[in-house]
Amino acid sequence: TQLLEQSPQFLSIQEGENLTVYCNSSSVFSSLQWYRQEPGEGPVLLVTVVTGGEVKKLKRLTFQFGDARKDSSLHITAAQPGDTGLYLCAGAADYGQNFVFGPGTRLSVLP
Amino acid sequence: DVKVTQSSRYLVKRTGEKVFLECVQDMDHENMFWYRQDPGLGLRLIYFSYDVKMKEKGDIPEGYSVSREKKERFSLILESASTNQTSMYLCASSLSAVAYSYNSPLHFGNGTRLTVT
């Protein structure tokens with residue numbers, strides 16, 4: 001079974017700060033997705049990355065897929081309280097295979 | 001927008017009871033999934049289904065069964081609830097893999113928090 005690790009597990013920062021969270025594995029993934037889950041709701045897809053070295057931007061969020069497709073990072077610029085939530089990464093080993101989820105990074109952005 | 005609806009937000013059941021968790025999606029998705037979410041463990045796949053009347057075991061199927069009689073509905077059944085099944089249960093759906101060049105995104109419901117006492 002493939003495992004995904006995420007770090008840090010918890011992060012509490014002030015509004016306006018920048019941050020990076022990480023998703024790592026010893027396995028190669030054909031695609032990797034990032035989800036955000038707010039309290040009381042299900043996870044919502046933020047982005048899918050499929051190519052090694054790929055960088056995608058979603059407003060203040062920047063996602064990068066590692067060259068070897070074993071890891072990914074999410075960078076948030078000028079964090080806002082609305083960014084608060086649980087950030088989950090999920091990887092699929094092969095096209096058509098089910099996703100494996102990491103344990104998540106719980107982010108709290110204080111006003 | 002895809003809507004995945006789970007019938008209950010909160011459930012409290014007694015040990016040994018049979019429990020049904022219902023999930024309905026409205027976007028004609030082929031794939032449906034049941035996960036449980038526990039702190040520090042992430043989402044773990046219990047069962048999934050790629051078609052009506054089809055079911056496959058996920059990573060932690062023990063103590064659970066599923067039913068998919070109609071394309072839009074996927075039910076999770078706890079035959080005899082136990083305290084270690086206290087958890088958040090999330091249902092998800094997605095398009096068939098052939099619709100995308102990569103694994104299609106999962107659309108989640110808002111979860112059912114089950115407490116077994």
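What counts and what doesn't
- Residues numbered from 1 in each chain as written.
- Chains lettered and ligands numbered in written order.
- Predicted model: local features only at pLDDT ≥ 70, side-chain atom pairs only at ≥ 80, totals over all residues.
- Heavy atoms only, no water.
- Helix = DSSP H or I, 4+ residues; strand = E, 2+ residues; numbered from the N terminus.
- Rg over C-alpha atoms; globule rule 2.2 N^0.38 Å.
- Buried < 20%, exposed > 50% of the residue type's maximum accessible area, 1.4 Å probe, protein only.
- Contact = heavy atoms within 4.5 Å.
- Areas by Shrake-Rupley, 256 points an atom, 1.4 Å probe, with all protein chains shown as cover.
- Lys, Arg positive; Asp, Glu negative; His and termini not counted.
- Charge placed at Lys NZ, Arg CZ, Asp CG, Glu CD.
- Pairing = 2+ DSSP bridges.
- Axes fitted to C-alpha atoms, helices over the stretch in contact; angles between N-to-C directions.
- Core = buried A, V, L, I, M, F, W, Y, C linked by side-chain atoms within 4.5 Å.
- Buried area = accessible area lost by both parts, 1.4 Å probe.
- Salt bridge = Lys/Arg side-chain N within 4 Å of Asp/Glu carboxyl O.
- Nonpolar A, V, L, I, M, F, W, Y, C, P; charged D, E, K, R; others polar.

Draft legend 1. Here's a closer look at the overall build of chain B. Each helix and strand in chain B was counted, giving 0 helices and 12 strands. Across chain B, helices and strands are ordered from the amino to the carboxyl terminus as β-β-β-β-β-β-β-β-β-β-β-β. A compact globule built from 117 residues should have a C-alpha radius of gyration of about 13 Å, and chain B, at 14 Å, falls within 12% of that. Projecting the C-alpha coordinates of chain B onto the three principal axes gives extents of approximately 45 × 30 × 25 Å. Residue burial in chain B is summarised as follows: out of 117 residues, 48% are buried. Of all intrachain contacts in chain B linking residues separated by at least 6 positions in sequence, the fraction that spans at least 24 positions is 57%. Carbon and sulfur atoms form 49% of the exposed surface of chain B, whose accessible area is close to 5,800 Å². Looking at charge distribution, chain B has the averaged site of its 15 positive side-chain charges lying 6 Å from that of its 14 negative ones.

Draft legend 2. Just the sheet that holds strand E6 (residues 55–58) of chain A, in detail. Residues and elements named next belong to chain A. Within the open sheet, the 5 strands sit side by side as E1-E3-E8-E7-E6. Their pairing is antiparallel. This sheet does not close on itself; its edge strands, each paired only once, are strand E1 (5–7) and E6. Between one strand and the next, the sheet's axes are offset by a mean angle of 15 degrees, whatever the strand orientation. Sheet topology places strand E3 (residues 19–24) next to strand E8 (residues 71–76); 6 bridges connect them, and they run antiparallel. Bridge pairing in E8 links valine 21 to leucine 74.

Draft legend 3. Structural context of unusual backbone geometry. Residues and elements named next belong to chain A. Omega for the bond connecting serine 7 with proline 8 falls within 30 degrees of zero, at -10 degrees, which places this linkage in the cis form. In this fold, proline 8 is placed in the loop between E1 and strand E2 (10–14). Here the phi dihedral of lysine 59 falls at roughly 55 degrees; this positive angle occurs in a residue that is not glycine. Mapped onto the elements of the fold, lysine 59 is located in the loop between E6 and strand E7 (61–65). In this structure lysine 59 comes out as exposed when scored by relative accessible area, which is 82%. In this structure, arginine 69 takes a positive phi of about 60 degrees despite not being glycine. Relative to the helices and strands, arginine 69 resides in the loop between E7 and E8.

Draft legend 4. A look at the nonpolar core. Residues Leu32, Trp34, Leu74 and Ile76 of chain A are the most contacted members of the largest nonpolar core, which totals 21 residues. Of all elements in the fold, only E3, strand E4 (31–37), strand E5 (44–49), E7, E8, strand E9 (85–92) and strand E11 (105–110) of chain A reach the threshold of two or more residues within this core. Once you skip the residues sitting within four places of it in the chain, leucine 74 of chain A turns out to touch Leu19, Thr20, Val21, Trp34, Leu61, Thr62, Phe63 and Tyr87 of chain A. Residues Val4, Val19, Tyr47 and Leu114 of chain B belong to the second largest nonpolar core, which totals 20 residues.

Draft legend 5. Representation of the interface of chain B and chain A. Listed by partner, the interface residues are 24 residues for chain B and 24 residues for chain A. Approximately 1,800 Å² of surface area, both sides summed, lies buried where chain B meets chain A, with 54% of it carried by carbon and sulfur atoms. The interface formed by chain B and chain A includes 0 salt bridges. The element that contributes the greatest number of residues to the side of chain B that touches chain A is strand E6 (residues 42–49) of chain B, accounting for 4 residues. Across the side of chain B that touches chain A, the residue classes tally to 15 nonpolar, 8 polar and 1 charged.

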